[in-house]
Amino acid sequence: MERLTGKTALVTGSSRGIGRAIALRLAQEGALVAVHCSANRDAADEVVATIEKDGGRAFVVQAELGVPGDVHELFLQLEEGLRERTGGTELTILVNNAGVMGGVAPEEVTPETFDRLYAVNAKAPFFIVQRALKNLPSGGRIINISSGLTRFANPQEIAYAMTKGAIDQLTLHFAKHLGPRGITVNSVGPGITNNGTPVFDIPEAVEQMAALSVFNRVGEPRDIADVVAFLAGDDARWITGSYLDASGGTLLG
Ligand code: NDP
């Protein structure tokens, strides 16, 4: 039995990496999925094609986040896509996944870099949630992709980690605000996860990264997608305001 049949989902940043795996998994469970991208339209089209090949339903929404008018543009396309396929604009599952990393020493962070990280990783998710309040029904789900770096120090990612700390605050306070409406809000914190970037092709680098996990491997996107699918379903109805560590035991030290 598909657990999400009749549900609709938006997964931001699902043209590749973790978001792609989340979109595929939610679609496998029966949800109609809006696959979101910024510039990488071909990759998003490929995700939709893969979902459809497997008998699922999906469509692309393309909007750069972190720029003026971003959320308006996103929801224009989202609501049009939902209306065409369902006759309405109800959004059951919102996954705030799109994000950019820093990789800059604390001494090198400029105000422009800092603002950009905040605009994409923290400000956009806040205003996406705010806008989605019109669309989310009782039983709705908001799942925010945080990071193990909110608990595990890495000075090269200080500004990025601050944005993810903001995501956890978004989770906490909206969970209280939306509880009376029957909507759950949770964060998922991945550890190092193979998102297909070139560093994952370097065996020595992978070995070092794997050693951070008690399972001695790096995470795969589906490791995170499975956790998100759990939170999206009815089995997770009693979980809200939580940070779920999905780092393969990285935080165990
Ligand atoms: P990727 O870099 O593989 O993919 C990023 C996705 O976000 C793409 O779909 C991209 O779209 C989209 N995106 C990026 N910037 C923007 C923007 N300005 N506007 C709209 N969309 C944008 O990411 P990951 O899979 O690695 O990460 C996914 C999430 O997980 C992020 O929030 C990240 O911080 C978090 N995370 C990742 C970890 C990891 O090790 N990979 C560890 C911990 C947390 P497009 O393809 O069009 O560019």
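To keep things clear, this report deals only with the structure shown in the data block. Bear in mind that the values here come from a model prediction, so they are computed numbers and not experimental data.

Reading the values: the criteria
- Residues numbered from 1 in each chain as written.
- Predicted model: local features only at pLDDT ≥ 70, side-chain atom pairs only at ≥ 80, totals over all residues.
- Heavy atoms only, no water.
- Helix = DSSP H or I, 4+ residues; strand = E, 2+ residues; numbered from the N terminus.
- Buried < 20%, exposed > 50% of the residue type's maximum accessible area, 1.4 Å probe, protein only.
- Contact = heavy atoms within 4.5 Å.
- Areas by Shrake-Rupley, 256 points an atom, 1.4 Å probe, with all protein chains shown as cover.
- Lys, Arg positive; Asp, Glu negative; His and termini not counted.
- Charge placed at Lys NZ, Arg CZ, Asp CG, Glu CD.
- Phe/Tyr/Trp six-rings, centres within 6.5 Å; stacked < 30°, edge-to-face > 60°.
- Lys NZ or Arg CZ within 6 Å of the ring centre and 35° of its normal.
- Core = buried A, V, L, I, M, F, W, Y, C linked by side-chain atoms within 4.5 Å.
- Axes fitted to C-alpha atoms, helices over the stretch in contact; angles between N-to-C directions.
- Parallel < 35°, antiparallel > 145°, perpendicular 65-115°, else oblique.
- Left-handed = near helix turned anticlockwise from the far one by under 90°.
- Nonpolar A, V, L, I, M, F, W, Y, C, P; charged D, E, K, R; others polar.
- Patch = residues over 30% accessible without salt bridge, like charges linked within 9 Å, V, L, I, M, F, W, Y side chains within 5 Å.
- Salt bridge = Lys/Arg side-chain N within 4 Å of Asp/Glu carboxyl O.
- Near = heavy atom within 4 Å.
- Polar contact = N/O pair within 3.5 Å; in protein donor to acceptor, adjacent residues only side chain to side chain.

### Concerning the overall build of the protein
Here comes step 1: A count of helical and extended segments in the protein gives seven helices and seven strands.
Here comes step 2: From first element to last, N terminus to C terminus, the protein shows the α and β order β-α-β-α-β-α-β-α-β-α-β-α-α-β.
Here comes step 3: In terms of its C-alpha atoms, the protein occupies a principal-axis envelope of roughly 50 × 40 × 35 Å.
Here comes step 4: Counting every position in the protein, which comprises 253 residues, the buried fraction comes to 49%.
Here comes step 5: Residue pairs at least 24 apart in sequence account for 72% of intrachain contacts in the protein once pairs closer than 6 positions are excluded.
Here comes step 6: Taken as a whole, the protein presents about 12200 Å² of accessible surface, with 54% of it coming from carbon and sulfur.
Here comes step 7: Where the 22 positive side-chain charges of the protein centre and where its 29 negative ones centre are 8 Å apart.

### Some remarks on the packing of aromatic side chains
Here comes step 1: Taken as a whole, this structure holds three aromatic pairs when the rule is applied.
Here comes step 2: Measuring from ring centre to ring centre gives 5.1 Å for Phe114 and Tyr118, while their planes differ by 25°; the resulting arrangement is stacked. Placement of the pair is Phe114 and Tyr118 together in helix H4 (residues 111-132), with a separation of four residues, close to one helical turn.
Here comes step 3: For Tyr118, a relative accessible area of 27% puts it in the partly exposed group.
Here comes step 4: Within the aromatic cluster, the residues linked to one another by ring pairs are Phe126, Phe127 and Phe174.
Here comes step 5: Between Arg151 and the ring centre of Tyr243, over which it is positioned, the NZ or CZ distance is 3.4 Å.

### Quick look at unusual backbone geometry
Here comes step 1: Positive phi values are uncommon outside glycine, yet Asn216 reaches one of about 55°.
Here comes step 2: Looking at the element boundaries, Asn216 is found in the loop between helix H6 (203-210) and helix H7 (221-232).

### Comments concerning the nonpolar core
Here comes step 1: Formed by 34 residues in total, the largest nonpolar core has its most connected members in Ile22, Leu26, Val33, Val35 and Val95.
Here comes step 2: If one sorts the elements of this core by residue count, helix H1 (residues 17-28) sits on top with seven residues.

### Brief notes about the packing of H1 against helix H2 (residues 41-53)
Here comes step 1: For the pair H1 and H2, the least separation of the axes is 10 Å and the interaxial angle reads 25°. One way to sum up the angle between H1 and H2 is to call them roughly parallel. Viewed along their axes, H1 and H2 form a crossing whose handedness is right-handed. Here Arg20, Ala23, Leu24 and Ala27 of H1 come into contact with H2, specifically with Glu46, Val47, Thr50 and Ile51.
Here comes step 2: Across the contact of H1 with H2, the residue classes tally to five nonpolar, one polar and two charged.

### Let's talk about a nonpolar patch on the surface
Here comes step 1: Taken together, the side chains of Phe152, Ile192 and Leu212 define a hydrophobic patch exposed on the protein surface, amounting to about 210 Å² of accessible area.
Here comes step 2: Within the secondary structure, Ile192 is located in the loop between strand E6 (184-190) and H6.

### Structural notes on the site of the ligand
Here comes step 1: The full set close to the ligand counts 30 residues, and Ser15, Leu65, Asn97, Tyr160 and Asn195 are the nearest of them.
Here comes step 2: A distance of 2.6 Å separates an oxygen atom of the ligand from a polar side-chain atom of Ser15.
Here comes step 3: A distance of 2.8 Å separates an oxygen atom of the ligand from a polar atom in the backbone of Ile18.
Here comes step 4: Residue assignment for the shell around the ligand shows that the elements contributing at least two residues are H1, strand E2 (32-37), H4 and helix H5 (158-178).
Here comes step 5: Per-class residue counts for the shell around the ligand are 12 nonpolar, 14 polar and four charged.

### Section: the side chain of Thr250
Here comes step 1: Position of Thr250 relative to the elements: it lies in the segment after strand E7 (243-246).
Here comes step 2: Here Thr250 is in contact with Phe152, Leu212 and Ser213, once residues within four sequence places are set aside.

### Examining the packing of helix H3 (residues 70-86) against H4
Here comes step 1: At a closest axis distance of 10 Å, the pairing of H3 and H4 adopts a crossing angle of 45°. The angle between H3 and H4 places the two elements in the oblique class. The two elements H3 and H4 meet at a crossing, and its hand is right-handed. Contacts between H3 and H4 involve Asp70, Val71, Leu74, Phe75 and Glu79 on the former and, on the latter, Ala124, Phe127, Ile128, Arg131 and Ala132.

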